[in-house]
Amino acid sequence: MKKRPVNVYLLTYKYPVTAIISVLHRISGVLVFVAIPLLLWMLSASLASPEQFDDLLDVFSNPLVKLMLWVVLSALFYHLVAGVRHIIMDLGMGEGLQAARTSAWTVAIIAAVLALLIGTWLW
């Protein structure tokens, strides 16, 4: 009789980069989905009147708000880049193990560069 683990602690395993990129793609999708109402409200407020636009600019001067906006925009761009990777793989390209690893690292690098660019633009 084999002894099977009762409670598996998931953080003890070393996951491949392809799995990490895929899980982060799902997490970023949830984050973007949750942020959509806030982003739409900000767009609506910015277009309502010049006074509300100025009020919104005052809100964006807060570093905490800038950080939250950076997180949401970084998640949006990460989700976009990882989604393009998934679409390409759905078309049958890059499905091999080495190609999948390379594309996963490419997504991570492109997303990191975009996050840095967004951060420099916001601050």
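For the structure itself, consult the block above.
Residues numbered from 1 in each chain as written. Predicted model: local features only at pLDDT ≥ 70, side-chain atom pairs only at ≥ 80, totals over all residues. Heavy atoms only, no water.

1. Looking at helix α3 (residues 63-90)
For step 1, the next point in the chain: If you check α3, its first and last C-alpha atoms are 40 Å apart, about what 28 residues at 1.5 Å a residue would give, namely 40 Å.
For step 2, the next point in the chain: The residue sitting at the N-terminus of α3 and contributing the capping side-chain oxygen is N62; that oxygen lies 3.0 Å from the backbone nitrogen of L64.
For step 3, the next point in the chain: Taken from the residues just after α3, G92 is the one with a positive phi, measuring 95 degrees. (Helix = DSSP H or I, 4+ residues; strand = E, 2+ residues; numbered from the N terminus. Expected span 1.5 Å × (residues − 1). Polar contact = N/O pair within 3.5 Å; in protein donor to acceptor, adjacent residues only side chain to side chain.)

2. A look at the layout of surface pockets
For step 1, the next point in the chain: Roughly 160 Å³ of internal volume is contained in the largest pocket.
For step 2, the next point in the chain: Contributions of two or more residues to the lining of the largest pocket are made by α1 (17-48), α3 and α4 (97-122).
For step 3, the next point in the chain: The residue inventory of the lining of the largest pocket, partitioned by class, reads seven nonpolar, no polar and one charged. (1 Å grid on protein atoms, 1.4 Å probe; cavity = no way out; pocket = protein on both sides within 12 Å on 5 of 7 lines; lining within 4 Å. Points joined across faces, edges and corners; volume = space filled by probe spheres on them. Nonpolar A, V, L, I, M, F, W, Y, C, P; charged D, E, K, R; others polar.)

3. Overview of the packing of α1 against helix α2 (residues 50-60)
For step 1, the next point in the chain: In contact at an axis separation of 6 Å, α1 and α2 are set at 135 degrees when each is read in the N-to-C sense. Between α1 and α2, the angle falls in the class oblique. Contacts between α1 and α2 involve W41, M42, A45, S46 and A48 from the former and Q52, F53, L56 and F60 from the latter.
For step 2, the next point in the chain: By residue class, the composition of the contact of α1 with α2 is seven nonpolar, two polar and no charged. (Axes fitted to C-alpha atoms, helices over the stretch in contact; angles between N-to-C directions. Parallel < 35°, antiparallel > 145°, perpendicular 65-115°, else oblique. Contact = heavy atoms within 4.5 Å.)

4. Thoughts on the environment of I36
For step 1, the next point in the chain: Along the polypeptide, I36 turns up in helix α1.
For step 2, the next point in the chain: Judged by its relative accessible area of 38%, I36 falls in the partly exposed class.
For step 3, the next point in the chain: The sequence separation of I36 and V72 amounts to 36 residues, and the corresponding C-alpha distance is 9.4 Å. (Buried < 20%, exposed > 50% of the residue type's maximum accessible area, 1.4 Å probe, protein only.)

5. Some details on a negative patch on the surface
For step 1, the next point in the chain: Among the surface-exposed residues, E51, D54, D55 and D58 lie close enough to one another that they form a single negatively charged patch.
For step 2, the next point in the chain: By the element assignment, D58 lies in helix α2.
For step 3, the next point in the chain: Taking the relative accessible area as the measure of exposure, D58 reaches 54% and is therefore exposed. (Patch = residues over 30% accessible without salt bridge, like charges linked within 9 Å, V, L, I, M, F, W, Y side chains within 5 Å. Areas by Shrake-Rupley, 256 points an atom, 1.4 Å probe, with all protein chains shown as cover. Salt bridge = Lys/Arg side-chain N within 4 Å of Asp/Glu carboxyl O. Lys, Arg positive; Asp, Glu negative; His and termini not counted. Charge placed at Lys NZ, Arg CZ, Asp CG, Glu CD.)

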